[in-house]
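Chain by chain, the residues:
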Amino acid sequence: MVQTTGMANEHGAAEDRPASVLVCKACGRKNRIRPSERGTPHCGACEAALPWLVNATDATFDIEARASVPVLVDLWAPWCGPCRFVGPILEELSGEYAGKLKVVKVNVDDNAQLAARFDARSIPTLLVVSSGRVVDRIVGALPKSDLTVRLTPHLLRRG
């Protein structure tokens, strides 16, 4: 899974935006990636597109949800059985659509403001965010094939 870490700049001071550690499926290298509204993450060693799956909190969500590709937000909790079913599917999709999709995971138990903001009364709740707007909402656990069908139109709109 992905880790979110603080990171120091060249002067040793901590940056204000957390970095995520993404592992390249092509070469296995760990890459620290900061949230960015432009571009998509690529491996520093082999230049392959990285599976873009990050964790977000109430404090980091807004910057993580801004991306040049559609963002799939997973509102989940560790005790939720259907969430545990969907989690590995989202990890696979982040790899299969590397460079075309960003997956942002939000633990609703730890981030109540986001759960309320997106009216997550049932989990898992998946939101497709494009250009800062929620363009699709999926409540409940879908198999990978059904989830792919729901995501495809959003992925095609971005080219």
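Scroll up for the structure.
Read on for a plain summary of the structure. (Residues numbered from 1 in each chain as written. Predicted model: local features only at pLDDT ≥ 70, side-chain atom pairs only at ≥ 80, totals over all residues. Heavy atoms only, no water.)

**Considering the sheet that holds strand β5 (residues 71-76)**
Read across the open sheet, the 5 strands follow the order β4-β6-β5-β7-β8; overall the sheet is mixed. Each of the sheet's edge strands pairs with one partner strand only, and the pair in question is β4 (52-55) and β8 (133-139). Adjacent strand axes in the sheet meet at a mean angle of 20 degrees, parallel and antiparallel pairs treated alike. Relative to strand β6 (residues 102-107), β5 is paired through 6 bridges, and the arrangement is parallel. Of the residues in β6, the one forming a bridge with D74 is K105. Sheet strands in contact with helix α2 (residues 81-96) are β4, β5, β6 and β7 (125-130), and its direction is about 135 degrees off that of β4. (Pairing = 2+ DSSP bridges. Helix = DSSP H or I, 4+ residues; strand = E, 2+ residues; numbered from the N terminus. Axes fitted to C-alpha atoms, helices over the stretch in contact; angles between N-to-C directions. Contact = heavy atoms within 4.5 Å.)

**Topic: the side chain of D136**
Positionally, D136 belongs in strand β8. Under the relative-accessibility criterion, D136 is labelled buried at 15%. A polar contact is formed between the side chain of D136 and the side chain of R150, at a distance of 2.7 Å. Beyond its immediate stretch of four places on either side in the chain, D136 contacts L126, L127, V128, R150 and H154. (Buried < 20%, exposed > 50% of the residue type's maximum accessible area, 1.4 Å probe, protein only. Polar contact = N/O pair within 3.5 Å; in protein donor to acceptor, adjacent residues only side chain to side chain.)

**Considerations on the environment of R117**
Mapped onto the elements, R117 comes out in helix α3 (residues 112-117). Once you skip the residues sitting within four places of it in the chain, R117 turns out to touch F61 and D62.

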